[in-house]
Amino acid sequence: MATGINPFEMAQKQIKVATDKLGVKPGVYEILKQPQTVMEVNFPVRMDDGSIRTFTGYRAQHNLAIGPAKGGIRFHPGVTLEEVKALSMWMTFKCGVVGVPYGGGKGGVVVDPRTLSAGELERLSRAYITAIAPIVGPEKDIPAPDVYTNAQIMAWMMDEFSRLKGFNNFGLITGKPLIIGGSAGREKATARGVMFVIEEAANAIGMALPGATVVIQGYGNAGSFCASLLHELGCKIIAVNDSKGSAYNPAGLDPKAVKAFKDENQTVKGFPGSQNLSNFDLLTLECDILIPAALENQITGEVAPHVKAKMLAEAANGPTTPDADEILAAKGITHLPDILANAGGVTVSYFEWVQNLYNYYWPEEEVNTKLRVIMADAFRDVYGMYKNHDGITMRNAAYMVAINRLAKAMEIRGWV
Ligand code: GLU
């Protein structure tokens, strides 16, 4: 994380605010303020030139009160133990908001995968899952893709783990290719979940979606699918960007054409008929809905006062800093926090795991219908909590919904 904000301390603060507001037993905060288990692994990988390089990785499991741990694995040069711990905590609350029976987990390897050959990436993926094998598995902790990991990497990890165990273990990991136990609808699930939550929120505040203007920061999996799904609902996508630049056209962009352009040119910048804007200018454009779908800490205390969107839907994890949260709330922006807005990904991961355990696979319509029910219920729970408490943000409300569930489970189990 670039801004120097310690993500672990940020997560702890969010839990403290929510437990205080709820008035739950002090033991609840005492248990939730850190992950239950953290593993650091240093594992050797043979590089293409024959040399051996040792890589460092982590896996954190935050809280197992309502089920096994669940959460992605990221491959990134900036991965730190503190970040992995914080991300595992956020996963607990994300699962709690949508009510899927998992606690949070997260893993990471300190590596820039773009500098590795395909063979090196495969050996690294296999070595990492072997190193963390003692603490993961379908009943213990179920990883998934995250930043710079994908279905192919999940396939290698599942294969290696299955070899270790001596039988196929499809339920080890989610986000797999369809042919080896992936779920229909998983690829678009994060974006589809964002769309469902936006639909519910628009309904609650009386915003018409046909014709609504949308700005999206980031054009990867979540961003590009959000653009096409919202476009299908009649929204006008006026600006999108990526790390290299942006495409702004007040008359509206065709998201599929922008995606095809990006696939060919590795950026959306230069899309025919569009203008380039700075990241700041994009985030502060006049629009109905702003969707950060890139990295952490984008909407900071400096950016927030200038945000003109009526609704902010966080497709990324942690895109808004705590000081910005307060500013956006004071401005009356309808704020759909990450642990609510982007929970569609882990929800369909849950469906994938269930399908693996049953060995019975559902058509995409069934996945999408079940996802809509869960996301709509989650929005109603969070919005209800928000309306019933004075002086809280939608993020506080989302934490409170999740912590309420966890606190009950921990109490009944006799932990607090
Ligand atoms: N990495 C995704 C997230 O942050 C998905 C996790 C999962 O599917 O387990 O929500």
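Each chain has its residues counted from 1, running along the sequence as written. Local features in a predicted model are, by the rule used here, given only for residues with pLDDT of at least 70; side-chain atom pairs are given and counted only at 80 or more, and totals for whole chains, interfaces and linings are based on all residues. Remark: hydrogens and water are excluded; side-chain values derive from all non-hydrogen atoms of the structure.

Trainee: Help me get a handle on the side chain of Arg59, residues and values and all.
Mentor: Turning to its location among the elements, Arg59 is positioned in strand E2 (residues 52-61). Separated by 3.1 Å, the side chain of Arg59 and the backbone oxygen of Gly72 make a polar contact. Polar contacts here mean pairs of N or O atoms no more than 3.5 Å apart (in protein, one a potential hydrogen donor and the other a potential acceptor; neighbouring residues in sequence count only if both atoms are side-chain atoms). Reaching out from Arg59, the side chain makes a polar contact with the side chain of Asp141 at a distance of 2.7 Å. Think of it this way: any DSSP run of H or I at least four residues long counts as a helix, any run of E at least two long counts as a strand, and we number them from the N terminus.

Trainee: Tell me about the environment of Ser51, and please be specific about residues and values.
Mentor: Tracing the chain through its elements places Ser51 in the loop between strand E1 (37-46) and E2. A relative accessible area of 32% places Ser51 in the partly exposed class. Beyond its immediate chain neighbours, meaning those up to four positions away, Ser51 contacts Val45 and Arg46. Among the polar contacts made by the side chain of Ser51, one reaches the side chain of Asp49 at a distance of 2.7 Å. Note on exposure labels: buried denotes an accessible area under 20% of the residue type's maximum, exposed denotes more than 50%, and partly exposed covers the range between, all computed with a 1.4 Å probe on protein chains only. It only takes one pair of heavy atoms within 4.5 Å for two residues to be counted as in contact.

Trainee: Please give an account of the site of the ligand that cites residues and values.
Mentor: When we say a residue is near a molecule or strand, we mean one of its heavy atoms is within 4 Å of it. Neighbouring residues of the ligand: 14 residues in total, closest Lys70, Lys94, Pro145, Asp146 and Ser349. At a separation of 3.2 Å, an oxygen atom of the ligand approaches a polar side-chain atom of Lys106. Ser349 is positioned such that a nitrogen or oxygen atom in its side chain is 2.5 Å from an oxygen atom of the ligand. A 1.4 Å probe and the Shrake-Rupley method give the accessible areas. Residues count as covered only by the protein chains that appear here. Taken by itself the ligand offers 300 Å² of open surface, and the protein chains cover 93% of this.

Trainee: Can you explain the packing of aromatic side chains? Please cite residues and give values.
Mentor: Stacked, tilted and edge-to-face pairs are distinguished by plane angle, under 30 degrees for stacked and over 60 for edge-to-face with tilted covering the rest, among Phe, Tyr and Trp rings (Trp via its six-membered ring) whose centres lie within 6.5 Å. A complete count under the given rule lists 11 aromatic pairs for this structure. Plain terms: the ring middles of Tyr350 and Phe351 are 6.1 Å apart, the flat faces sit at 45° to each other, and that makes the pair tilted. Phe351 sits in the buried class, given a relative accessible area of 4%. One aromatic cluster in this structure is built from Tyr102, Tyr350, Phe351, Trp353 and Trp362. Throughout this description, the term charge over a ring refers to an Arg CZ or Lys NZ atom that lies within 6 Å of the ring centre and within 35 degrees of the ring normal. In this structure, Lys85 packs its charged tip against the face of Phe8, placed 4.4 Å from the ring centre.

Trainee: Describe the sheet that holds strand E9 (residues 289-292), with residues and values.
Mentor: At least two bridges found by DSSP between two strands are what make those strands a pair. The strand order across the open sheet built from 6 strands is E8-E7-E6-E9-E10-E11, with neighbouring strands paired in mixed fashion. The open sheet has two edge strands with one neighbour each: strand E8 (245-248) and strand E11 (334-336). Ignoring strand direction, the axes of neighbouring strands in this sheet form an average angle of 15°. One ladder, built from 4 bridges, connects strand E6 (residues 213-217) with E9; its direction is parallel. Bridge assignment links Gln217 to a residue of E9, and that residue is Pro292. Geometry is summarised by axes, namely lines fitted to C-alpha atoms with helices restricted to the contacting stretch, and by angles between N-to-C directions that run from 0 to 180 degrees.

Function-wise, these values are silent; they only describe arrangement.
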